[in-house]
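Close look at the chain arrangement
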Amino acid sequence: MTVTVLQFGGSNCDRDAVRALEHLGIDAERRWHADGLPAETDGIVIPGGFSYGDYLRAGAMAARAPVMEEVRAAAADGTPVLGVCNGAQIGAESGLVAGAFTTNESARFQCEPVHLRVERADTPWTAAYDEGDVIEVPIAHGEGRFEIDAAASEALEADDRILFRYCDADGAVTDAANPNGSTGNVAGILGERETTAVLMPHPERATLPDVAASTDGEGILRAFA
Amino acid sequence: MTAYTATVTVRLKRGVLDPEAETTQRALERLGFELEDLRSADRFEIDLEADDADAAAERAGEMAERLLANPTIHDYEVTVADR
């Protein structure tokens, strides 16, 4: 198993993702986007950062890079694809998932630990958890507010494609526990296939015991094991 | 071919929260201005050559569809002027 961690100009969580995956015994290598995907890859991480300086909208430029055609094709074939933070914004901009991630309700960049409630435990990303589990993972974003039109939101709920919601320490999904004003407290969602997921919080920053306050995020990365 | 400037204005759909506009409004109010509401928009001025104004508008509209606007949160409008 080798996981491809894509690098765009301005990606800055690519090394962290590789470190976290290797800590879990999963081979991972960084790949410059213009080189395209390797001939064989067992998984793809679109990491966090500020690709193209967040010009136009966070993720807008990277989403239109040619490599994303390859990523969409791989996702359609069932290759596991995970977008984290800027990778989630790129995923939404490129149509890997529904909706959009836009300016936080606070209009501020927010870097803080948050609690997430696991909405589904029957996906590769959440097999390590039980439904209703509360995990602690950090966020670090200025444009993480999940926006989606009413019809698409209903479809997302009806199809059970919401993976994580922001919640309090007891698992209650409240406005107070919503750090950025996301519709439905949504923090992470699935794409067309359950092997595609994006989330704004950083599981790779909650994996290495030496540096992380919590290692609750490692279960998400174990989808690649 | 005629030279045109196509102007694409991209704005948030009505009802989509605009924290940047709210922050700007509060800053104006702190400066002592009286205002009821404030909306912001992005404006792109695109110089191009096309057979006619309709063709210029069509190309600029496609640019909005494919990159300049995100249909989940944005509306856009295109105007074309001779250059």
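Residues numbered from 1 in each chain as written. Chains lettered and ligands numbered in written order. Predicted model: local features only at pLDDT ≥ 70, side-chain atom pairs only at ≥ 80, totals over all residues. Heavy atoms only, no water.

**Here's the deal with the packing of aromatic side chains**
Residue and element names in this part refer to chain A.
- A complete count under the given rule lists four aromatic pairs over all chains for this structure.
- Pairing F8 with Y52 gives two aromatic rings, centres 6.5 Å apart and planes at 55°, and the pair type is tilted. Taken together, the positions of F8 in the loop between β1 (2-7) and α1 (14-23) and Y52 in the loop between β3 (43-46) and α2 (60-63) put the pair 44 residues apart, joining distant regions of the chain.
- Owing to a relative accessible area of 2%, F8 belongs among the buried residues under this scheme.
- Seen from their ring centres, F50 and F109 are 6.1 Å apart, and the 35° between their planes marks the pair as tilted. With F50 in the loop between β3 and α2 and F109 in the loop between β5 (100-102) and β6 (110-118), the pair connects residues that are 59 residues apart, well separated along the chain. (Phe/Tyr/Trp six-rings, centres within 6.5 Å; stacked < 30°, edge-to-face > 60°. Helix = DSSP H or I, 4+ residues; strand = E, 2+ residues; numbered from the N terminus. Buried < 20%, exposed > 50% of the residue type's maximum accessible area, 1.4 Å probe, protein only.)

**Some points on the sheet that holds β1(A)**
All names here are of chain A.
- Taking strand neighbours across the sheet as the criterion, the nine strands line up as β2-β1-β3-β4-β11-β10-β9-β6-β7 in an open arrangement whose pairing is mixed. Looking at the sheet topology across the chains shown, the edges are occupied by β2 (27-32) and β7 (134-141). Pairwise comparison of adjacent strand axes, ignoring direction, gives a mean angle of 25° for this sheet.
- When strand β10 (residues 186-190) meets strand β11 (residues 196-199), the two strands line up antiparallel, connected through three bridges. Following the sheet pairing, G188 is matched in β11 by L199.
- Along the sheet, helix α4 (residues 86-93) contacts β3, β4 (81-84) and β11; its crossing angle with β4, the most-contacted strand, is approximately 115°. (Pairing = 2+ DSSP bridges. Axes fitted to C-alpha atoms, helices over the stretch in contact; angles between N-to-C directions. Contact = heavy atoms within 4.5 Å.)

**A word on the layout of surface pockets**
- Estimated volume of the largest pocket: approximately 410 Å³.
- Taken together, 25 residues line the largest pocket, and the ones lying closest to its centre are T102(A), T103(A), E20(B), D42(B) and H74(B).
- Of all the secondary structure elements, the ones that give two or more residues to the lining of the largest pocket are α4 and β5 of chain A together with β1 (2-12), α1 (19-30) and β2 (41-50) of chain B.
- A breakdown of the residues in the lining of the largest pocket according to their chemical character gives eleven nonpolar, six polar and eight charged. (1 Å grid on protein atoms, 1.4 Å probe; cavity = no way out; pocket = protein on both sides within 12 Å on 5 of 7 lines; lining within 4 Å. Points joined across faces, edges and corners; volume = space filled by probe spheres on them. Nonpolar A, V, L, I, M, F, W, Y, C, P; charged D, E, K, R; others polar.)

**Things to note about empty space enclosed by the protein**
Residue and element names in this part refer to chain A.
- The tally for this structure, following the rule as stated, stands at one cavity of 30 Å³ or more.
- Size it by volume and the largest cavity reaches roughly 50 Å³.
- Forming the boundary of the largest cavity are C13, A17, L21, V45, P47, G48, L82, V84, E204 and L221.
- Within the residue set of the lining of the largest cavity, elements represented by two or more residues are α1 and β4.

**Side note on the interface of chain A and chain B**
- Each side of the interface is counted separately: chain A has 16 residues, and chain B has 14 residues.
- Roughly 1200 Å² is buried in total at the junction of chain A and chain B, and carbon and sulfur atoms are behind 61% of that figure.
- Here chain A and chain B share five residue pairs in polar contact (both at pLDDT 80 or more) between them.
- Contributions of two or more residues to the side of chain A that touches chain B are made by β5 and β8 (145-147) of chain A. (Buried area = accessible area lost by both parts, 1.4 Å probe. Polar contact = N/O pair within 3.5 Å; in protein donor to acceptor, adjacent residues only side chain to side chain.)

**Some words on the UniProt feature "active site" (unreviewed entry) in chain A**
Residues and elements named next belong to chain A.
- Mapped onto the present numbering, the UniProt feature "active site" (unreviewed entry) falls at C85, H202 and E204. Their sequence span is 120 residues, while the largest C-alpha to C-alpha distance among them is just 10.8 Å; these annotated residues converge on one region. As for the lining of the largest cavity, the annotated residues named previously contribute E204.
- Inspection of the secondary structure puts C85 in the loop between β4 and α4. (UniProt positions renumbered as here; feature names shortened; annotations may be inferred.)

**A look at the pattern of salt bridges**
- Taken as a whole and judged by the stated rule, the model has 16 salt bridges over all chains.
- The closest approach of N and O atoms between R165(A) and E119(A), which form a salt bridge, is 3.2 Å. Here the residue R165(A) occupies a position in strand β9 (residues 162-167), and E119(A) occupies one in the loop between β6 and β7, the gap between them amounting to 46 residues. There is no split in this pair, since R165(A) and E119(A) are both buried.
- One salt bridge in this structure joins D37(B) and R39(B), with 3.1 Å as the shortest N-O distance. (Salt bridge = Lys/Arg side-chain N within 4 Å of Asp/Glu carboxyl O.)

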